[in-house]
Each structure stands twice: as C-alpha cells, then as structure tokens.
Amino acid sequence: MQRQVHALLVLGFIIASLTLIFVLQNPDYVAINFIKWEGETPLALLLVITLASGVIIGLICAIPTLFAKNTQITRQKRENKEIYEQLLEAKIQIESQEKRIKYLESHLNNADFNTTFDS
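**Q** Would you mind going over the overall build of the protein chain with me for this structure?
**A** Across its full length, the protein chain holds two helices and two strands. In the protein chain, the succession of helices and strands from N to C terminus is α-β-β-α. Its C-alpha atoms give the protein chain principal-axis dimensions of roughly 115 × 35 × 10 Å. Out of the 119 residues in the protein chain, the part that is buried amounts to 3%. Accessible surface computed for the protein chain: about 11100 Å², of which carbon and sulfur atoms make up 66%. Of the charged side chains in the protein chain, 11 are positive and 12 negative; the average position of the first set lies 3 Å away from that of the second.

The structure is reproduced here in structure tokens:
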C-alpha cells in the first residue's frame, strides 16, 4: 500500500513538472468567448484549467461509487463479525458436546464393566 502511495506521488510530481514546462513553453494568448464573457488568456493556462475541470468532474462522478463501496465494505465487515461470533458459539457447543460424549462413554464403559463383572 505504501509503495502505491509513493508511486502515485512520483507520478503526480512528473505530471506537475510536465505541466509547468508546458505552461512556460506556451505563453501565446488566445481569445476566449464564454456566454457573454470575452477575454484573452494564455493557451497553456486555458488547457490547465480545462484539465483541472475534467479531473474535478471525474472525482465528483466517482463519489457515489466510492460511497457505495465504503458502505458495502462496512456491511461485509459487520457480516464477517457476526459469522465469526456464530463460529465461536458453534465451537463452544462442539466442545461441550464432546465433553458430554466422553462423560457418557466413560459411564457406558463403567456400566459394561459392571455387567461383565457381575456375570
């Protein structure tokens, strides 16, 4: 897990570095028209803003899935805990029954011994 985090940090650093290089190499201004707003901005800045907007939209779209997975994981943990508790109860019952069987076998052996001895 920690290795994945380090890999993601390195990847993020590489992407940020490439973005910075791109911005510095593309200082040309372009005209922008959006609804009633008009202006000029560097092409690189426009592309970076567009990229960031896409990432934010992707994250927003992923939130319901993340919540659903988190809910599913929580439910599975609860079910696992219940099953584990049932398993422990079953083990206790098995041990109790094994003790009872040994007790009954010992009494049965004593009864067989007594009947054999009496004959």
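That was the structure; now back to the text.
**Q** Just to check I follow, could you spell out a nonpolar patch on the surface for this structure?
**A** On the surface, Val10, Phe13, Ile14, Leu18 and Ile21 cluster together to form a nonpolar patch covering roughly 510 Å² of accessible area. Within the element layout of this structure, phenylalanine 13 appears in helix α1 (residues 2-25).

**Q** Quick question: what am I supposed to make of unusual backbone geometry here?
**A** Negative phi is the rule for most residues except glycine; trans is the rule for most peptide bonds. Of note, isoleucine 35 is a non-glycine position whose phi angle comes to about 55 degrees, a positive value. With respect to the helices and strands, the residue isoleucine 35 is situated in the loop between β1 (29-34) and β2 (37-42). Assessed through its relative accessible area of 78%, isoleucine 35 is described here as exposed.

Cut-offs and rules
- Residues numbered from 1 in each chain as written.
- Predicted model: local features only at pLDDT ≥ 70, side-chain atom pairs only at ≥ 80, totals over all residues.
- Heavy atoms only, no water.
- Helix = DSSP H or I, 4+ residues; strand = E, 2+ residues; numbered from the N terminus.
- Buried < 20%, exposed > 50% of the residue type's maximum accessible area, 1.4 Å probe, protein only.
- Areas by Shrake-Rupley, 256 points an atom, 1.4 Å probe, with all protein chains shown as cover.
- Lys, Arg positive; Asp, Glu negative; His and termini not counted.
- Charge placed at Lys NZ, Arg CZ, Asp CG, Glu CD.
- Patch = residues over 30% accessible without salt bridge, like charges linked within 9 Å, V, L, I, M, F, W, Y side chains within 5 Å.
- Salt bridge = Lys/Arg side-chain N within 4 Å of Asp/Glu carboxyl O.

Without other data, these values stay purely geometric and don't point to any function.
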